[in-house]
Amino acid sequence: MQPETIAAEPLRIRPLANADIEPIYQGCQDPQVQEWTVAVPVPYAYADAESFVTHIVPSGWAEDREYTWGIEDPSTGEFLGVIGLRIQDDDCSEVGYWLAPAGRGRGAMTIALSAACRFAFDRLGHDVVKWQAIAGNEASRHVAERVGFEVSGPVRG
């Protein structure tokens, strides 16, 4: 699949670009992003952001196994965070996301998560979108609940 922008007014949910390397690097320096995002190595080096934007994300799109977008405020051009869908099987994907501090507290992730779920259901034809988080990640849980995810108990391991 070719990377594509998804509708998410008033935000712009768009494919990542080389210009996103620096804001991703900066966002992944945030202690909350490092604490709650499993896929973010600690420490997070600039080379990690480069590899993510130039190799990992394009490979995911090209192989139809993971679709990743940047979340942007179109009125300011400010990069707010990342959201992605990882394909689990023909009917299911799993969502993951993080916001930089500037994107928090204004409903941006609720809008982005709703848009990513619509993409999974409408564009990919999935019946299920899964969300998982590290126990204690209340902010992520609240976003998932606002979008309509049913939250169950902890999963061991």
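Refer to the preceding data block for the structure.
In short, a report on the structure.

1. A few points about the environment of Glu63
Next up, step 1: In this structure, Glu63 sits in the loop between α3 (46–62) and β3 (66–73).
Next up, step 2: Residues Glu63 and Thr5, spaced 58 residues apart in sequence, show a C-alpha to C-alpha distance of 18 Å.
Next up, step 3: Of the polar contacts made by the side chain of Glu63, one reaches the side chain of Arg65; its length is 2.4 Å.

2. Some remarks on helix α4 (residues 108–123)
Next up, step 1: End to end, α4 covers 22 Å across 16 residues, agreeing with the expected 22 Å (1.5 Å per residue, within 8%).
Next up, step 2: Gly125 sits one or two residues past α4 and shows a positive phi near 75°.

3. Focus: the state of the cysteines
Next up, step 1: Summed over the entire model, instances satisfying the criterion amount to zero disulfides.
Next up, step 2: As a non-bridged cysteine, Cys92 has Cys117 as the owner of its nearest cysteine sulfur, 11 Å distant.
Next up, step 3: For Cys92, a relative accessible area of 6% puts it in the buried group.

4. Here's the deal with the side chain of Ser93
Next up, step 1: Tracing the chain through its elements places Ser93 in strand β5 (residues 92–99).
Next up, step 2: A relative accessible area of 0% places Ser93 in the buried class.
Next up, step 3: At a separation of 3.2 Å, a polar atom in the side chain of Ser93 contacts the side chain of His126.
Next up, step 4: In this structure, Ser93 is in contact with Leu85, Arg86, Ile87, Gln88, Ala120, His126, Val128, Val129 and Lys130, ignoring residues within four places of it in sequence.

5. Some thoughts on the sheet that holds β5
Next up, step 1: Strands sit in the order β1-β2-β3-β4-β5-β6 across an open sheet of six strands; the sheet is mixed. Looking at which strands have only one partner, the edges of the open sheet turn out to be β1 (6–8) and β6 (128–131). The mean inter-strand angle of the sheet, taken between neighbouring strand axes irrespective of direction, is 25°.
Next up, step 2: Note: strand β2 (residues 11–15) against β3, four bridges, orientation antiparallel. Of the residues in β3, the one forming a bridge with Ile13 is Ile71.
Next up, step 3: Packed on one face of the sheet, α3 meets β3 and β4 (78–89) and runs near 125° to β3.

6. Details of the nonpolar core
Next up, step 1: By size, the foremost hydrophobic cluster in this structure holds 44 residues, and its most contacted members are Ile24 and Ile83.
Next up, step 2: Examining the composition of this core, we find that nine residues originate from one element, α4, more than from any other.
Next up, step 3: Other than its neighbours up to four places away in sequence, Ile24 contacts Leu16, Tyr44, Ala49, Phe52, Val53, Phe79, Val82 and Trp98.

Cut-offs and rules
- Residues numbered from 1 in each chain as written.
- Predicted model: local features only at pLDDT ≥ 70, side-chain atom pairs only at ≥ 80, totals over all residues.
- Heavy atoms only, no water.
- Helix = DSSP H or I, 4+ residues; strand = E, 2+ residues; numbered from the N terminus.
- Polar contact = N/O pair within 3.5 Å; in protein donor to acceptor, adjacent residues only side chain to side chain.
- Expected span 1.5 Å × (residues − 1).
- Disulfide = S-S within 2.5 Å.
- Buried < 20%, exposed > 50% of the residue type's maximum accessible area, 1.4 Å probe, protein only.
- Contact = heavy atoms within 4.5 Å.
- Pairing = 2+ DSSP bridges.
- Axes fitted to C-alpha atoms, helices over the stretch in contact; angles between N-to-C directions.
- Core = buried A, V, L, I, M, F, W, Y, C linked by side-chain atoms within 4.5 Å.

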